Amino acid sequence: MSQPVSLKQLNVFMTITQHKTLTAAAEALFLSKAAVSMALAELEKQLGHVLFDRVNNRLILNQEGQKLLPLADELLGRAKDLDHLFDEENTLSGQLRIGASDTIGNQVAPYLLSAFQKQFDHHAQSLFISNTALICQKLVDYELDIALIEGKTLHPHLLAKQFSHDEMCIICSPSHPLAHKNDIHLTDFEQSQWVLRESGSGSREFFMRVVAPRIEQWQESFELNTTEALINSVSAGLGLGCLSQLAAQCALKDGRVRLLNVPLDMKRRFWVLVHKEKYQSPLLKNFMEFCHQWPGSPLSFDGLSGL
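Residues numbered from 1 in each chain as written. Predicted model: local features only at pLDDT ≥ 70, side-chain atom pairs only at ≥ 80, totals over all residues. Heavy atoms only, no water.

Caption draft 1: Structural context of the pattern of salt bridges. Here the structure, examined in full by the defined rule, presents 17 salt bridges. A salt bridge links Glu143 to Lys20; the nearest nitrogen and oxygen atoms lie 3.0 Å apart. Here Glu143, found in the loop between helix 6 (132–140) and strand 5 (146–149), pairs with Lys20, found in the loop between helix 1 (7–19) and helix 2 (22–29); they are 123 residues apart in sequence, far enough to count as distant. The residues Glu143 and Lys20 share a single accessibility class, namely buried. Arg204 is paired through a salt bridge with Glu220; the nearest N and O atoms lie 2.9 Å apart. Separated by 16 residues along the polypeptide, Arg204 in helix 7 (residues 202–211) and Glu220 in strand 8 (residues 218–224) bring together distant segments of the chain. Arg204 sits in the buried class, given a relative accessible area of 13%. Overlapping salt bridges, with partners in common, bring together Asp73, Arg97, Asp145 and Lys278 in one network. (Salt bridge = Lys/Arg side-chain N within 4 Å of Asp/Glu carboxyl O. Helix = DSSP H or I, 4+ residues; strand = E, 2+ residues; numbered from the N terminus. Buried < 20%, exposed > 50% of the residue type's maximum accessible area, 1.4 Å probe, protein only.)

Dropping the structure here:
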């Protein structure tokens, strides 16, 4: 290389990987499209490799770009740490991009983040909520710093460690034939209709792994991508539902749906995920440790079994 790669070039590179087009990257960086294009061209020239495949107007990271991604992320992270190295208060700094699958994102993360902010006086966090599959992909692509999910992933680039748990449940409408039956047997679910979350969600993965193999004949009546839609569909009598008790508790208390006590182990683990090659800044390390030691879990289901 004729001259060293600059942090500005690496920042442009990382921004393009996240936004996929020069126009979107330029807007995010408050630069002109020409300036972003020139910075990328100079970087590729200095490295001697093309880092993106040009597909129509999109820039898709190629194998050479994938090699640079972890190092660029680390160098930019360390540069940010350097900015605050001599801060007298030694407070945590930087932006923390958190991904969470549906149940954790809606039912757990707000309480966890509130406690983290109070303890560390750090308020620069973003929370992206989606299904487990998309969250994992964004983590692999360095678009997120950390993820909290309900179903363990076996992705080779991700590290997973349990930090909490919840309990799944099966619900039905108040008018369903099983609604007032005390002793539910798995044979009661034969020829049943089910309202399920979409492929890639932790709730669907649990149903397909734990419940479905124990029923010989069942049908999927609806596939939905939000938990609230699932609850309303079950309440309307469109089928049975399988979801977290955390997500179902309000509808259970309101009487919109009924809880079916089934002879199955319905416990499910929560996991913290990080990229194996992700640079773990002081902020990220503290948040990971906080998740594992967090004492204020709202995971209590007292009284739900009687609803």
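Caption draft 2: Summary view of the pairing of strand 11 (residues 267–275). With 7 of 9 residues buried, strand 11 lies mostly within the body of the structure. Where strand 5 lies against strand 11, 3 bridges are found, and the strand directions are antiparallel. Within strand 11, the residue paired with Ala147 across the bridge is Leu273. Where strand 6 (residues 158–172) and strand 11 come together, 9 bridges link them in antiparallel fashion. Bridged to Gln162 within strand 11 is Trp271. (Pairing = 2+ DSSP bridges.)

Caption draft 3: Main features of the confidence of the model for the protein chain. Here the protein chain shows a mean pLDDT of 88. Residues at 70 or above account for 93%. Low confidence marks residues 297–307, where pLDDT is under 50. Its contacts with residues over four positions away, or in another chain, come to 23 contacts. (pLDDT = per-residue confidence, 0-100. Contact = heavy atoms within 4.5 Å.)

Caption draft 4: Spatial organisation of the domain arrangement of the protein chain. What the domain assignment reports for the protein chain is domain 1 (7–83), domain 2 (96–164 + 269–297) and domain 3 (167–267). One C-alpha centre belongs to domain 1, the other to domain 2, and the line joining them spans 25 Å. Counting residues at the interface gives 11 residues for domain 1 and 10 residues for domain 2. Considering only the side of domain 1, the residues that lose the most area to domain 2 are Gln18, Pro70 and Asp73, jointly responsible for 47% of the buried surface there. Notably, a salt bridge pairs Asp73 with Lys278, separated by 2.8 Å at the nearest N-O pair. Joining domain 1 to domain 2, the criterion identifies 2 residue pairs in polar contact (both at pLDDT 80 or more). Counting residues per element, the ones that place at least two in the side of domain 1 that touches domain 2 are helix 1 and helix 4 (63–83). It is helix 4 that provides the largest number of residues to the side of domain 1 that touches domain 2, a total of 7 residues. When grouped by side-chain class, the residues that make up the side of domain 1 that touches domain 2 number 3 nonpolar, 3 polar and 5 charged. (Domains from an automatic or database assignment. Buried area = accessible area lost by both parts, 1.4 Å probe. Polar contact = N/O pair within 3.5 Å; in protein donor to acceptor, adjacent residues only side chain to side chain. Nonpolar A, V, L, I, M, F, W, Y, C, P; charged D, E, K, R; others polar.)

Caption draft 5: Spatial organisation of empty space enclosed by the protein. Counted by the stated rule, this structure contains 1 cavity of 30 Å³ or more. Empty space within the largest cavity amounts to approximately 50 Å³. Ser101, Asp102, Thr103, Asn131, Thr132, Glu150, Arg197, Ser201, Gly202, Ser203 and Thr227 together form the lining of the largest cavity. Contributing elements (two or more residues each) for the lining of the largest cavity: helix 5 (102–120) and helix 7. Looking at the lining of the largest cavity residue by residue, the class counts come to no nonpolar, 8 polar and 3 charged. (1 Å grid on protein atoms, 1.4 Å probe; cavity = no way out; pocket = protein on both sides within 12 Å on 5 of 7 lines; lining within 4 Å. Points joined across faces, edges and corners; volume = space filled by probe spheres on them.)

Caption draft 6: How the structure looks around the layout of surface pockets. In this structure, the largest pocket spans a volume of roughly 480 Å³. If you trace the largest pocket, you find 22 residues lining it, with Lys80, Gln95, Arg97, Asp145 and Lys278 closest to the centre. Elements with a contribution of two residues or more to the lining of the largest pocket: helix 1, helix 4, strand 3 (96–101) and helix 10 (282–293). Taken together, the residues of the lining of the largest pocket break down into 6 nonpolar, 10 polar and 6 charged.

Caption draft 7: Unusual backbone geometry, seen in detail. Even without glycine at this site, Asp121 takes up a positive phi of about 55 degrees. Its identity as a non-glycine residue notwithstanding, Tyr142 has a phi of 65 degrees, on the positive side.

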